[in-house]
Amino acid sequence: GLQCMLHTPSLIMHVLSKDADRTTPSSATCAQELFELIKKSATNTSSVATARPSEIKYQMGKKYPQFSGMGQEDSSEFVHELLELTTKQLNRVDKKQPYIQLNQTKESLDKQSEKWYDYSLKRMSSIITDIFQGQTFNTVTCLNCHYKHFSFDTFFSLSLTLPKSSSRFTHQTTLTSCLDDFIKEEKLSEAEGFFCSNCKKTVAIKKQNVIWRFPPVLIFHLKRFVCSTWRKEKLETLLAFPISDFSLSKYKGESNHPSALKSIYSLYGVINHMGYLSGGHDTSECYNVFDGCWYDYNDSHVSRLSAVREESS
């Protein structure tokens with residue numbers, strides 16, 4: 001997970017610019033360590049030199065105890081918490097706007113999206129939000145009175161559900177299929193307990209999510225681990241994905257935000273998990289913007305790839 005952060009092109013550009021030193025306070029210890037690792041990685045011309053991220057692990061462990069030991073922890077959780085911590089340390093907002101409950105109005109959805117997003121930036125704004133933060137539009141429609149409840153939420157990563165395989169053979173799916181499921185309408189019964197403010201009672205609903213504002217860098221988190229009363233396992237589903245020119249415009253719903261109209265992405269980093277629910281090991285495959293090559297990172301072992309795999313486990 002950390003290797004993917006170190007290979008983020010727009011973050012590399014920021015760190016190598018004069019703005020990074022000028023806008024990084026001395027109290028931002030975790031952000032400083034992250035930026036220092038990015039500098040070392042970007043300026044490293046040796047094929048054998050390695051950098052130990054012990055200090056950033058120490059800083060993360062102080063804030064999040066689950067990362068303080070030597071146990072195996074979820075890479076996606078580490079990346080998310082690292083983004084959360086660094087954006088707090090680099091927050092440009094001197095005085096946060098007090099928390100308020102934003103309610104839907106009769107203004108256009110685009111105007112309401114701007115209002116909700118601007119409010120979030122009055123509480124937290126940094127180079128991290130500039131690069132990684134997007135916005136979803138979430139609707140809940142009452143199936144009794146058909147009143148539509150909605151909200152806009154910011155995110156650093158999107159969690160996608162993988163299909164479960166009922167056979168003993170490895171199942172395969174695509175990133176497009178997972179995104180199709182992400183925006184698909186889902187119906188919930190009265191028993192799910194949604195209270196309609198218009199009906200004034202518990203009702204059956206249908207709900208849907210779309211991506212309203214697309215971040216410059218979009219992180220997908222795959223839900224590989226299934227934990228329930230009856231079942232605990234890792235889904236071994238192989239995920240096929242495009243390497244470049246991946247358009248996500250079909251997932252924007254009614255959004256007219258400029259980012260939704262040019263939502264085309266190219267891959268630069270993949271985290272692979274080897275093992276099971278009870279334990280395992282993570283490696284990463286990342287694109288180096290300086291030499292145009294892909295590399296496999298396995299702890300201190302680095303090897304150049306002839307081509308990146310177009311599927312991940």
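Residues numbered from 1 in each chain as written. Predicted model: local features only at pLDDT ≥ 70, side-chain atom pairs only at ≥ 80, totals over all residues. Heavy atoms only, no water.

### Regarding the overall build of the protein chain
Move 1: Within the protein chain, the regular secondary structure consists of ten helices and 19 strands.
Move 2: The buried share among the 313 residues of the protein chain stands at 40%.
Move 3: Of the contacts formed within the protein chain by residues at least 6 apart in sequence, a portion of 62% connects residues at least 24 apart.
Move 4: Counting every atom, the protein chain has about 17,700 Å² of accessible surface; 51% of that belongs to carbon and sulfur. (Helix = DSSP H or I, 4+ residues; strand = E, 2+ residues; numbered from the N terminus. Buried < 20%, exposed > 50% of the residue type's maximum accessible area, 1.4 Å probe, protein only. Contact = heavy atoms within 4.5 Å. Areas by Shrake-Rupley, 256 points an atom, 1.4 Å probe, with all protein chains shown as cover.)

### Let's talk about the packing of helix H2 (residues 9–16) against helix H4 (residues 29–43)
Move 1: Look at H2 against H4: their axes get within 10 Å of each other, and the N-to-C directions meet at 100°. Our classification of the angle between H2 and H4 gives roughly perpendicular. Every residue of H4 that contacts H2 at Leu 11, Ile 12, His 14, Val 15 and Leu 16 is listed here: Phe 35, Ile 38, Lys 39 and Ala 42.
Move 2: Taken together, the residues of the contact of H2 with H4 sort by class into seven nonpolar, one polar and one charged. (Axes fitted to C-alpha atoms, helices over the stretch in contact; angles between N-to-C directions. Parallel < 35°, antiparallel > 145°, perpendicular 65-115°, else oblique. Nonpolar A, V, L, I, M, F, W, Y, C, P; charged D, E, K, R; others polar.)

### Some thoughts on the pattern of salt bridges
Move 1: Under the counting rule described, the total for this entry stands at seven salt bridges.
Move 2: Where Lys 184 meets Asp 181, a salt bridge forms, and the shortest distance between an N and an O atom there is 3.6 Å.
Move 3: Residue class for Asp 181 comes out partly exposed when judged on its relative accessible area of 36%.
Move 4: Residue Lys 206 is joined to Glu 185 by a salt bridge in which the shortest nitrogen-to-oxygen separation is 3.8 Å. Taken as a pair, Lys 206 in strand S8 (residues 205–213) and Glu 185 in the loop between helix H9 (175–183) and strand S5 (186–188) lie far apart in primary sequence, 21 residues in all.
Move 5: Relative accessible area serves as the criterion here: at 43%, Glu 185 is assigned to the partly exposed category. (Salt bridge = Lys/Arg side-chain N within 4 Å of Asp/Glu carboxyl O.)

### Concerning the packing of aromatic side chains
For any pair of aromatic rings, geometry is given as the distance between the ring centres together with the angle between the planes.
Move 1: The tally for this structure, following the rule as stated, stands at eight aromatic pairs.
Move 2: Where Tyr 287 meets Trp 294, the ring centres are 5.7 Å apart and the plane angle is 55°; that geometry is what we call tilted.
Move 3: Each member of the aromatic cluster is reached from another via a ring pair, and the members are Trp 116, Phe 137, Phe 150, Phe 152 and Trp 212.
Move 4: Against the face of Tyr 117 rests Arg 213, its NZ or CZ located 3.8 Å from the ring centre. (Phe/Tyr/Trp six-rings, centres within 6.5 Å; stacked < 30°, edge-to-face > 60°. Lys NZ or Arg CZ within 6 Å of the ring centre and 35° of its normal.)

### Things to note about the pairing of S8
Move 1: Alignment of strand S1 (residues 134–142) against S8, held across eight bridges, turns out to be antiparallel. Residue pairing across strands places Thr 136 opposite Ile 211, the latter belonging to S8.
Move 2: In terms of strand pairing, S5 meets S8 through three bridges, oriented antiparallel. Bridging from a neighbouring strand, Glu 186 pairs with Lys 207 of S8. (Pairing = 2+ DSSP bridges.)

### As for the sheet that holds S5
Move 1: If you walk across this open sheet you meet the four strands as S2-S1-S8-S5, and the pairing is antiparallel. Each end of this open sheet is capped by a strand with a single partner; those strands are strand S2 (148–155) and S5. On average, adjacent strands in this sheet sit at an angle of 25° to one another, irrespective of strand direction.
Move 2: In this fold helix H7 (residues 109–121) packs onto S1, S2 and S8, with an angle of close to 40° to the strand it touches most, S2.

From the geometry alone we can't say anything about function, so treat these as descriptive.
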